[in-house]
Amino acid sequence: KTKAFIFDLDGVIVDTAKFHFQAWKRLANGLGIDFDHEQNEQLKGVSRVNSLKKILDWGNTSVSEEEFIQLMDKKNEDYLTYVDAMDESEILPQVKEKLQLLKDNNIPIALGSASKNARRILDKINLTPFFDEIVDGTNVTKAKPDPEVFLVGAEKLGAQPEYCVVFEDSIAGIQAANNAQMTSIGIGQKNVLNQADHTFQDFTEISDEFLIKLARI
Ligand code: B16
Ligand code: MG
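This report concerns the structure included in the present document. (Residues numbered from 1 in each chain as written. Chains lettered and ligands numbered in written order. Predicted model: local features only at pLDDT ≥ 70, side-chain atom pairs only at ≥ 80, totals over all residues. Heavy atoms only, no water.)

Some details on the side chain of Lys98
Short version of the rule: The numbering of helices and of strands both runs from the N terminus, where a helix is a DSSP run of H or I of at least 4 residues and a strand a run of E of at least 2. Here the term buried applies to any residue with accessible area under 20% of the maximum for its type, exposed to any over 50%, and partly exposed to those in between, with areas from a 1.4 Å probe on protein chains only. In what follows, a contact means two residues having at least one pair of non-hydrogen atoms within 4.5 Å.
Along the chain, Lys98 falls in helix α5 (residues 95-104). By relative accessible area, Lys98 is classed as buried at 4%. Beyond its immediate stretch of four places on either side in the chain, Lys98 contacts Phe203, Ile206, Ser207, Asp208 and Leu211.

Shown next as structure tokens:
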């Protein structure tokens, strides 16, 4: 039996956290709210709506519903100027090679991201053809750690959840994969992603043998 693989986008395939940081920082500072890298860490894998809620909370600031929407739009516009300047060079090391290895072995691949900009980013970095299915912030309503995004991915691929392997960089994402009864692979620090079944700093640490073995069990 062959497993299916599901990849998170931001932090796994590309490092868009640095662009989110710039855009959120500009927005927060404009409202008189401080914003640092530690806070940005806490927004990884968190939806746009919930990210803005957190920032306003940190600044003890409240805005009208209308203003809230304007602020989200403004942040996204700013963020998209960075996205639109992206190209293949933004793909994190060994990601494309590993996707190719899975493709060569006929292993089904899906994207499971909270981002509403996922398709746009995949197009910019020319990775769209690698994905059999794309599940993103436009398809799901429940945020990670809810397993919805990965369960929808598994269903679209026609795979049972227990036969899926998820690559994630956020704590909430690892929890979502675990909640879906999938094998969770953390990409990042072991001490942060300690709930993952396996953790690697990045894809250069993952051997082809390990991936193929994972796919075959
Ligand atoms: P957008 P992922 C997440 O993507 C990011 O980690 C998170 O920082 C961001 O706020 C969220 O997408 C929503 O993104 O504003 O583009 O819809 O890690 O789940 O791929
Ligand atoms: Mg992520």
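Re the packing of aromatic side chains
Our working rule: Pairing of aromatic side chains requires ring centres within 6.5 Å, counting the rings of Phe and Tyr and the six-membered ring of Trp. Pairs whose planes differ by under 30 degrees are stacked, by over 60 edge-to-face, and all others tilted. Over a ring means this: the NZ of a Lys or the CZ of an Arg is within 6 Å of the ring centre and within 35 degrees of the ring normal.
The tally for this structure, following the rule as stated, stands at eight aromatic pairs. On the numbers, 6.1 Å between centres and 25° between planes, the contact of Phe7 with Phe203 is stacked. Of this pair, Phe7 sits in strand β1 (residues 4-7) while Phe203 sits in the loop between β6 (198-200) and α9 (208-216); the two residues are 196 residues apart in sequence, bridging distant segments of the chain. For the pair Phe7 and Phe203, one class covers both residues: buried. These aromatic residues form a ring-pair network of at least three members: Phe5, Phe7, Phe131, Phe167 and Phe203. For Lys75, the ring lying beneath its charged end belongs to Tyr79, and the centroid distance is 4.6 Å.

Considerations on the coordination of the magnesium ion (ligand 2)
Heads up, the condition is: Listed donors are limited to N, O and S atoms within 2.8 Å of the metal, widened to 3.2 Å for Na, K and Ca; water is not among them, so incomplete-looking sites are possible.
On the protein side, the magnesium ion (ligand 2) has Asp8 (OD), Asp10 (O) and Asp169 (OD) as donor atoms, found 2.0 to 2.1 Å from it. Taken in sequence order, the residues that donate to the magnesium ion (ligand 2) follow the motif D-x1-D-x158-D. Of the two residues, Asp10 is situated in the loop between β1 and α1 (17-30) and Asp169 in the loop between β4 (164-168) and α8 (171-179); the sequence distance between them amounts to 159 residues.

Details of α5
As a reminder, the rule being used: Throughout, the arc means the angular range of directions from the helix axis out to the C-beta atoms.
Within α5 the residues assigned to the buried category are Val95, Lys98, Leu99, Leu101 and Leu102. Along the long axis of α5, the arc covered by the buried residues comes to 155°, so they all point the same way. Contacts made by the buried residues of α5 are with β1, β2 (109-112) and α9. Note on α5: the residue one or two positions beyond its end, Asn106, has a positive phi of about 55°.

Side note on helix α3 (residues 48-58)
Every buried residue of α3 is listed here: Ser51, Leu52, Ile55 and Leu56. Projected down its long axis, α3 carries its buried residues within an arc of 130°, all on one side. Buried residues belonging to α3 abut α1 and α4 (65-83). Where α3 ends, the next residue or the one after it, Asn60, has phi of about 50°, a positive value.

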